[in-house]
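The chain contents come next:
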Amino acid sequence: MAYVIIQNIYFLITQPEKYKLWISVFNIFIGAIMTIMAVFYYFDAYKPKVGPVGNGPNPDLILTNFLGMIFTGGCF
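Not measured: the values here are computed from a predicted model.

S.K.: I keep staring at the packing of helix α2 (residues 16-45) against helix α3 (residues 59-75) and nothing clicks. Help me out?
M.R.: Viewed as axis vectors pointing N to C, α2 and α3 meet at an angle of 165°, and their least axial separation amounts to 8 Å. As the angle between them shows, α2 and α3 are arranged roughly antiparallel. The two elements α2 and α3 cross, and the hand of that crossing is left-handed. For the pair formed by α2 and α3, the contact residues are G31, M34, T35, M37, A38, V39, Y41, Y42 and A45 on the first element and L61, I62, N65, F66, M69, I70, T72 and G73 on the second. Residue classes in the contact of α2 with α3 are distributed as twelve nonpolar, five polar and no charged.

Put into structure tokens, the structure is as follows:
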């Protein structure tokens, strides 16, 4: 993800008139995809699964990952 951000900044600095629109469209698309993935991850994490009793969902980890993905999608 850091590579994508650095590449976008590089293109905007070196060729702003050529890539400005396409980078904006790309960033909006990636942000929407990441937000959809965050919602899918949240619902999938709480889906019942087969396994040992001690391997249940960890609510703190799920919420942290969900908020991180939503924040990243919003930044794009």
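S.K.: Whenever I open this one, the environment of N58 confuses me. Can you help?
M.R.: Looking at the element boundaries, N58 is found in the loop between α2 and α3. Note on N58: relative accessible area 41%, which makes it partly exposed.

S.K.: How do you make sense of the layout of surface pockets when you look at a structure like this?
M.R.: To locate leftover empty space, one rolls a probe as large as a water molecule over the atoms. Size it by volume and the largest pocket reaches roughly 220 Å³. If you list the elements that add at least two residues to the lining of the largest pocket, you get α2 and α3. Considering only residue class, the lining of the largest pocket consists of seven nonpolar, four polar and two charged.

S.K.: How should I be thinking about α3 in this particular structure?
M.R.: Under the 1.5 Å per step criterion, the end-to-end length of α3 is 24 Å for 17 residues, consistent within 8% with the ideal 24 Å. Among all positions in α3, only I62, F66, M69, T72 and G73 are buried. For α3, the angular spread of the buried residues around the axis is 135°, confining them to a single face. Relative to its buried face, α3 has exposed residues pointing more than 90 degrees away, namely D60, T64, F71, G74 and C75. Elements that come into contact with the buried residues of α3 comprise α2.

What counts as what
- Residues numbered from 1 in each chain as written.
- Predicted model: local features only at pLDDT ≥ 70, side-chain atom pairs only at ≥ 80, totals over all residues.
- Heavy atoms only, no water.
- Axes fitted to C-alpha atoms, helices over the stretch in contact; angles between N-to-C directions.
- Helix = DSSP H or I, 4+ residues; strand = E, 2+ residues; numbered from the N terminus.
- Parallel < 35°, antiparallel > 145°, perpendicular 65-115°, else oblique.
- Left-handed = near helix turned anticlockwise from the far one by under 90°.
- Contact = heavy atoms within 4.5 Å.
- Nonpolar A, V, L, I, M, F, W, Y, C, P; charged D, E, K, R; others polar.
- Buried < 20%, exposed > 50% of the residue type's maximum accessible area, 1.4 Å probe, protein only.
- 1 Å grid on protein atoms, 1.4 Å probe; cavity = no way out; pocket = protein on both sides within 12 Å on 5 of 7 lines; lining within 4 Å.
- Points joined across faces, edges and corners; volume = space filled by probe spheres on them.
- Expected span 1.5 Å × (residues − 1).
- Arc of directions from axis to C-beta.

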